[in-house]
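# Geometric and topological summary
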Amino acid sequence: MAKQVLELLPEELIQSILDLGEKKFRAKQILNWIYLKKITNFAEMTSLSETLRLKLQNQFYTTLPTVIQRSISIDGTKKYLLSLSDESKIEMVLIPNGKKNTLCISSQVGCARNCQFCATAKLGLKRNLETYEITSQVFLAIQELGEDKLTNIVFMGMGEPLDNFDNVIKAIRILQDDLCFNFSPRRITLSTSGVIPQIAKLADTGIKMKLAVSLNSAIQTKREIIMPISTTYSISELKKTLIDFRRKTSYRITFEYVMIKDFNIGNEDVKALLRFLGDISCKLNVIKWNEVDDLPYKTPSDKEIEKFINSMSVLSSAITYRKSRGADIDAACGQLAAKYIHNVKE
Ligand code: SAH
């Protein structure tokens, strides 16, 4: 059966090439064409003989998602609505910031975790993405950037990456392999709503990357209201698992906290949060809730945000307030719902 090239690790490609009766170095040549020259069409791989090119065309293929809409925010953020081979729609977001270009990618079509404040949750889970559907978002973004370099990748688009564990892990291996995308582990962040068994499993894989955990409340009963996953995997168990994760891996964990007006930014929330974070070596990333149609939440005012952040000044350098990017095009955190707007102005 023909194989998707973008889901093969070098050793797998080498084996397939050996199985075709070809020499190992041919695999390296193919990897060079794909990952250095960004050419996936075998017909254009002129360092290979014509017979080999024909053979390869029957064995391997590359399917990139089709861009069906590009929206550009006033702040330069670009949102891509992508169509997959079965017509499923996903979104990815490219966020330029000085010399940095961060790509926010999806790991599932929809999501099963049902976080109450998130637009993706309203779609439910349609299906997991295949490994090549994850790596091909990165390939496409690199093509889109042209001369500019893609510097960072975050699994913060649609889906819960740890619910699509095997495909996400394989994609990360391909993204990091120096014969493939060659991303350094510290430039890849996986964000999770807190799937405890999979966090433990992730630590055991030995793969390095940055881990972000969407906390959003350090009060168990409150977190259960907005994040149903918390009824299965409690905050205290989550903390134990993360301390263990931190012990086994190299980077500090980042907690993400979406500030919701009149819900999770009061005094008791600050107290619980400081207690929760107190004995973990971590960072805290706060952002304000971005509006999602039909959801009953509100974004806090600038003054309320300032008060909340100031009340956590003991965390000093470990706290960052991330300004939302791309909100005018529904590309900010939690706004991805793969809505297809037919009447966009060209
Ligand atoms: N499922 C993963 C990754 C996708 S969500 C996770 O939960 O981490 C990426 C981030 O967007 C999470 O931190 C989530 O809490 C945040 N988020 C979701 N909806 C949001 C909204 N409406 N406004 C701001 N952030 C939101």
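This write-up is about the structure you can find in this document. Numbers given for residues are sequential positions, taken from 1 along each chain in its written order. Predicted model: local features are reported for residues with pLDDT of at least 70 only, side-chain atom pairs are reported and counted for 80 or more only, and whole-chain, interface and lining totals are derived from all residues. To get the side-chain values, take all heavy atoms of the structure and skip hydrogens and water.

Let's shift gears to the site of the ligand. Residues are counted as near a molecule or strand when any one of their heavy atoms sits within 4 Å of it. In the neighbourhood of the ligand, 21 residues make up the surrounding shell, with Ser 191, Ser 214, Trp 289, Asn 290 and Gly 334 lying closest. Here a polar contact is recorded for every N or O atom pair within 3.5 Å, except that within protein the pair must consist of a potential hydrogen donor and a potential acceptor, and residues adjacent in sequence are included only if both atoms are side-chain atoms. The contact in question runs from a nitrogen atom of the ligand to an N or O atom on the backbone of Phe 117, over 3.1 Å. One of the side-chain nitrogen or oxygen atoms of Asn 216 is found 3.2 Å away from an oxygen atom of the ligand. With the chains in place, 95% of the 530 Å² that the ligand exposes on its own is no longer accessible. Elements with a minimum of two residues in the shell around the ligand: strand E10 (188–192), strand E12 (253–259) and strand E13 (282–288). Here the shell around the ligand is built from residues that sort into 9 nonpolar, 9 polar and 3 charged. All accessible-area figures derive from a Shrake-Rupley calculation using a 1.4 Å probe, and residue coverage is judged against the displayed protein chains alone. Secondary structure elements follow DSSP: runs of H or I no shorter than four residues count as helices, runs of E no shorter than two count as strands, and numbering proceeds from the N terminus. Three classes are used, and their members are as follows: Ala, Val, Leu, Ile, Met, Phe, Trp, Tyr, Cys and Pro are nonpolar, Asp, Glu, Lys and Arg are charged, and the others, Gly among them, are polar.

With 15 residues, helix H4 (residues 131–145) should cover 21 Å at 1.5 Å per step; its first-to-last C-alpha distance of 22 Å lies within 8% of that length. Residue exposure (1.4 Å probe, protein chains only): buried if accessible area is under 20% of the type maximum, exposed if over 50%, otherwise partly exposed. The element H4 is extensively covered by neighbouring structure, given that 13 of its 15 residues are classed as buried. Downstream of H4 by a residue or two, Gly 146 has a phi angle that is positive, lying close to 65°. The span expected for a helix works out to 1.5 Å for each residue beyond the first.

Turning to the nonpolar core, a few remarks are in order. Within this scheme, the nonpolar core is defined by two criteria: the residues are buried Ala, Val, Leu, Ile, Met, Phe, Trp, Tyr or Cys, and they are joined through side-chain atoms within 4.5 Å. Judged by nonpolar contacts, the single largest core of 117 residues is most densely connected at Val 138, Phe 181, Phe 255, Leu 284 and Phe 308. Ranked by the residues each element gives to this core, the list is headed by H4, at 8 residues. Domain extents, as shown, originate in an automatic or database domain assignment. Mapping this core onto the domain boundaries places at least three of its residues in each of domain 1 (3–61) and domain 2 (66–337). Once residues lying within four places of it in the same chain are set aside, the contact partners of Phe 308 are Tyr 257, Met 259, Asn 264, Ile 265, Val 270, Leu 273 and Val 286. By definition, residues are in contact when any of their heavy atoms lie within 4.5 Å.

Another point: unusual backbone geometry. Look at Lys 38: it is not a glycine, yet its phi comes out positive at around 65°. Phi angles above zero are rare outside glycine, and Asn 216 is one such case at about 70°. Structurally, Asn 216 can be placed in the loop between strand E11 (210–214) and helix H7 (220–226). What makes Asn 216 buried here is its relative accessible area of 2%.

What follows concerns the pattern of salt bridges. Oppositely charged side chains can form a pair if their charged atoms are brought close together. The rule for a salt bridge is simple: a side-chain nitrogen of Lys or Arg has to be within 4 Å of a carboxyl oxygen of Asp or Glu. Counted under the stated rule, the structure contains 16 salt bridges. Here Lys 79 and Glu 91 are joined by a salt bridge, their closest N and O atoms 3.4 Å apart. Note that Lys 79 is positioned in strand E4 (residues 78–83) and Glu 91 in strand E5 (residues 89–97), a separation of 12 residues in sequence. Across the pair, Glu 91 and Lys 79 agree in class, each one buried. Here Asp 244 makes a salt bridge to Lys 248, at a shortest N to O gap of 3.4 Å.

These figures capture arrangement, not role.
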